[in-house]
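This is what each chain is made of:
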Amino acid sequence: MYEPIRTKSVHSTMAGTASDFPHRSREEELDIQLAGHLAALLAVTDELRGLSPSADLDTAAERLADEVSRLRGGHAPARAVPAAAGDPSALHQRAHALAGRALVVAASRADTSAAILAAERMDAHGAAVPTDPQELSAAH
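Residues numbered from 1 in each chain as written. Predicted model: local features only at pLDDT ≥ 70, side-chain atom pairs only at ≥ 80, totals over all residues. Heavy atoms only, no water.

A word on the packing of helix α4 (residues 88–108) against helix α5 (residues 112–128). Taken N-terminus to C-terminus, the directions of α4 and α5 make an angle of 155 degrees; their axes are 8 Å apart at the nearest point. When the axis of α4 is compared with that of α5, the two are roughly antiparallel. Judged by the sense of rotation from one axis to the other, the crossing of α4 with α5 is left-handed. The residues of α5 that touch α4, namely those facing His92, Ala95, His96, Ala99, Gly100, Ala102, Leu103 and Ala106, are Ala114, Ala115, Ala118, Ala119, Arg121, Met122, His125, Gly126 and Ala128. Classifying every residue of the contact of α4 with α5 gives eleven nonpolar, five polar and one charged. (Axes fitted to C-alpha atoms, helices over the stretch in contact; angles between N-to-C directions. Helix = DSSP H or I, 4+ residues; strand = E, 2+ residues; numbered from the N terminus. Parallel < 35°, antiparallel > 145°, perpendicular 65-115°, else oblique. Left-handed = near helix turned anticlockwise from the far one by under 90°. Contact = heavy atoms within 4.5 Å. Nonpolar A, V, L, I, M, F, W, Y, C, P; charged D, E, K, R; others polar.)

The next thing to look at is α4. In this model, α4 (21 residues) spans 30 Å end to end at C-alpha, consistent with the 30 Å of a helix rising 1.5 Å per residue. Along α4, the residues that are buried comprise Ser89, Leu91, His92, Ala95, Leu98, Ala99, Gly100, Ala102, Val105 and Ala106. Just beyond α4, the residue with positive phi is Ala110, at close to 60 degrees. (Expected span 1.5 Å × (residues − 1). Buried < 20%, exposed > 50% of the residue type's maximum accessible area, 1.4 Å probe, protein only.)

Running from N to C, helix α2 (residues 26–51) and α5 cross one another at 35 degrees; their axes reach a closest spacing of 12 Å. For the crossing formed where α2 meets α5, the hand is left-handed. Counting all contacts with α2, which are made through Leu34, Leu38, Leu41, Thr45 and Leu48, the residues of α5 involved are Ala114, Arg121 and His125. Of the residues in the contact of α2 with α5, the class split is five nonpolar, two polar and one charged.

In the structure shown here, the tally under the stated rule is twelve salt bridges. Between Asp31 and Arg109 there is a salt bridge whose closest N-O contact spans 2.4 Å. With Asp31 in helix α2 and Arg109 in the loop between α4 and α5, the pair connects residues that are 78 residues apart, well separated along the chain. Neither Asp31 nor Arg109 differs from the other in exposure class; each is buried. Close ionic contact of Glu67 with Arg70 constitutes a salt bridge, the shortest N to O distance being 2.6 Å. Remark: Arg70 and Glu67 occur in helix α3 (residues 55–71); sequence separation between them is three residues, near one turn of the helix. Exposure remark for Glu67: the relative accessible area of 12% places this residue in the buried category. By relative accessible area, which is 41% here, Arg70 ends up partly exposed. Where salt bridges share partners, they join Glu27, Asp31, Glu67, Arg70, Arg109 and Asp111 into one cluster. (Salt bridge = Lys/Arg side-chain N within 4 Å of Asp/Glu carboxyl O.)

Structure representation (structure tokens):
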């Protein structure tokens, strides 16, 4: 019913040959994305450590830094300077969301260690966020 296209696509001639720009595999793209989510989670974790230091947050930050380094081929992640002031509840909510994103990417690339770490951090930050409406209004 339809006639096949007989001429080259305008898009393929504009871009030149396929070797004109680097290509990354799906696995490489997922590694980059996962490292980004975990690095952002590390930054929020470092901020929380500044507000309320704890052994759990210290351990989590170290594990997150190790995972980011692994995904980035041994390059250590940038670390945030702990904040002196801030809203811990909002930081926990942000960390929970970042851990959820990291979990989705880790699951799609079948990275068990990153998925376990992200799930643990989701649980920890989810437990730290108040769910009672009175607690939420008191936190703000």
